[in-house]
Amino acid sequence: MGSEPTRVMVAVNDSTIKGYPHPSISCKRAFEWTLEKIVRSNTSDFKILLIHVQVVDEDGFNEVDSVYASPEDFREMRESNKAKGLHLLEFFVKKCHEIGVGCEAWIKKGDPKDVICQEVIRVRPDFLVLGSRGLGRFQKVFVGTVSAFCVKHAECPVITVKRNADETPSDPADD
């Protein structure tokens with residue numbers, strides 16, 4: 001029949017836990033859930049679209065305690081941030097290739113909730129999968145959630161996947 005594969009956009013981000021240079025717990029769980037429950041063994045029927053949105057701090061320093069004395073110092077900082085994003089995407093692309101599911105991956109900069117919704121309009125996936133920290137109402141007021149925004153505003157069906165209770169760090173806002 002030659003039908004097009006179902007295009008599943010999965011938003012991924014790095015962990016907020018200090019000293020934990022890996023995917024966030026919730027996005028990794030959402031990705032794994034997508035492979036286990038949606039793709040399963042039908043790898044040729046799906047294409048995973050991985051998007052990572054790098055947040056640009058207003059001051060551009062990302063909590064760095066360093067002194068920058070030359071333009072080269074700033075160039076190195078930008079390259080380091082880009083490398084972190086590429087390393088993150090490499091993790092997920094490698095997993096896709098290991099099981100034989102097609103994928104594309106890219107990095108954008110900006111506010112994740114806005115950029116993800118813009119990319120949904122541009123790329124037109126069949127649906128969007130997002131990880132969720134499972135925060136309570138009180139925590140959401142102070143932390144806010146990308147997943148809640150995307151559920152309301154993305155122009156495609158959205159699936160949110162909560163991280164497992166046993167994976168929750170001591171501070172549930174961490175991920």
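Residues numbered from 1 in each chain as written. Predicted model: local features only at pLDDT ≥ 70, side-chain atom pairs only at ≥ 80, totals over all residues. Heavy atoms only, no water.

## What about the nonpolar core?
One recurring pattern in soluble globular proteins is that nonpolar side chains are buried together. Spelled out, the test is: The definition of a nonpolar core used throughout is a set of buried Ala, Val, Leu, Ile, Met, Phe, Trp, Tyr and Cys residues joined through side-chain atoms within 4.5 Å. Think of it in three bands: with a 1.4 Å probe and only protein chains considered, a residue is buried below 20% of the maximum accessible area for its type, exposed above 50%, and partly exposed in between. The way it works is that DSSP assigns letters per residue, a run of H or I at least four long becomes a helix, a run of E at least two long becomes a strand, and they are numbered from the N terminus. When checking whether two residues touch, look at their non-hydrogen atoms; a contact exists if any pair is within 4.5 Å.
Counting 20 residues, the largest nonpolar core has Val-10, Val-12, Phe-31, Ile-48 and Leu-50 as its most contacted members. Those elements giving two or more residues to this core turn out to be β1 (6-12), α1 (25-39), β2 (46-54), α2 (71-99) and β4 (127-132). Other than its neighbours up to four places away in sequence, Val-12 contacts Cys-27, Leu-50, Ile-51, His-52, Val-53, Leu-88, Leu-89 and Phe-92. Membership of the second largest hydrophobic core comes to 17 residues, among which are Ala-11, Cys-117, Leu-130 and Cys-150.

## Some words on α1
Under the convention used in this document: By this rule, a helix spans an expected 1.5 Å times one less than how many residues it contains.
For α1, with 15 residues, the first-to-last C-alpha span of 20 Å sits near the 21 Å given by 1.5 Å per residue. Along α1, the residues classified as buried are Ile-25, Ser-26, Cys-27, Arg-29, Ala-30, Phe-31, Thr-34, Leu-35 and Val-39. Two residues or fewer past α1, Arg-40 is found with a positive phi of approximately 50°.

## Comments concerning the side chain of His-52
Cut-off, in case you're wondering: Pairs of N or O atoms within 3.5 Å make up the polar contacts considered here, provided that, within protein, one atom can donate a hydrogen while the other can accept it, and that residues adjacent in sequence are counted only when both atoms are side-chain atoms.
Relative to the helices and strands, His-52 resides in strand β2. For His-52, a relative accessible area of 3% puts it in the buried group. A polar atom in the side chain of His-52 sits 3.1 Å from the backbone oxygen of Val-12. Apart from residues lying up to four places away in sequence, His-52 is in contact with Val-12, Asn-13, Asp-14, Gly-85, Leu-88, Leu-89, Trp-106, Ile-107 and Lys-108.

## Some remarks on the packing of aromatic side chains
We count it as follows: We call Phe, Tyr and Trp rings a pair once their centres come within 6.5 Å, taking the six-membered ring for Trp, and we label the pair stacked below 30 degrees between planes, edge-to-face above 60, and tilted otherwise. Definition used: whenever NZ (Lys) or CZ (Arg) falls within 6 Å of the ring centre and also within 35 degrees of the ring normal, the charge is taken to sit over that ring.
For the structure shown, the criterion picks out 2 aromatic pairs. Note on Phe-31 and Phe-92: the rings are 4.8 Å apart at their centroids and 75° apart in plane angle, and the pair reads as edge-to-face. Note that Phe-31 is positioned in helix α1 and Phe-92 in helix α2, a separation of 61 residues in sequence. Judged by relative accessible area, Phe-92 falls into the buried class, the value being 0%. Just above the ring of Phe-149 sits the side chain of Lys-113; from NZ or CZ to the centre is 5.5 Å.

## Notes on the pairing of β4
As a reminder, the rule being used: When DSSP finds at least two bridges between two strands, those strands are taken to pair.
Taking burial as the measure, the 6 residues of β4 include 6 buried ones, the bulk of the element. Residues Phe-127, Val-129 and Gly-131 point to one face of β4 and Leu-128, Leu-130 and Ser-132 to the other, with burial holding for every one of them. Alignment of β1 against β4, held across 3 bridges, turns out to be parallel. Bridge assignment links Met-9 to a residue of β4, and that residue is Leu-128.

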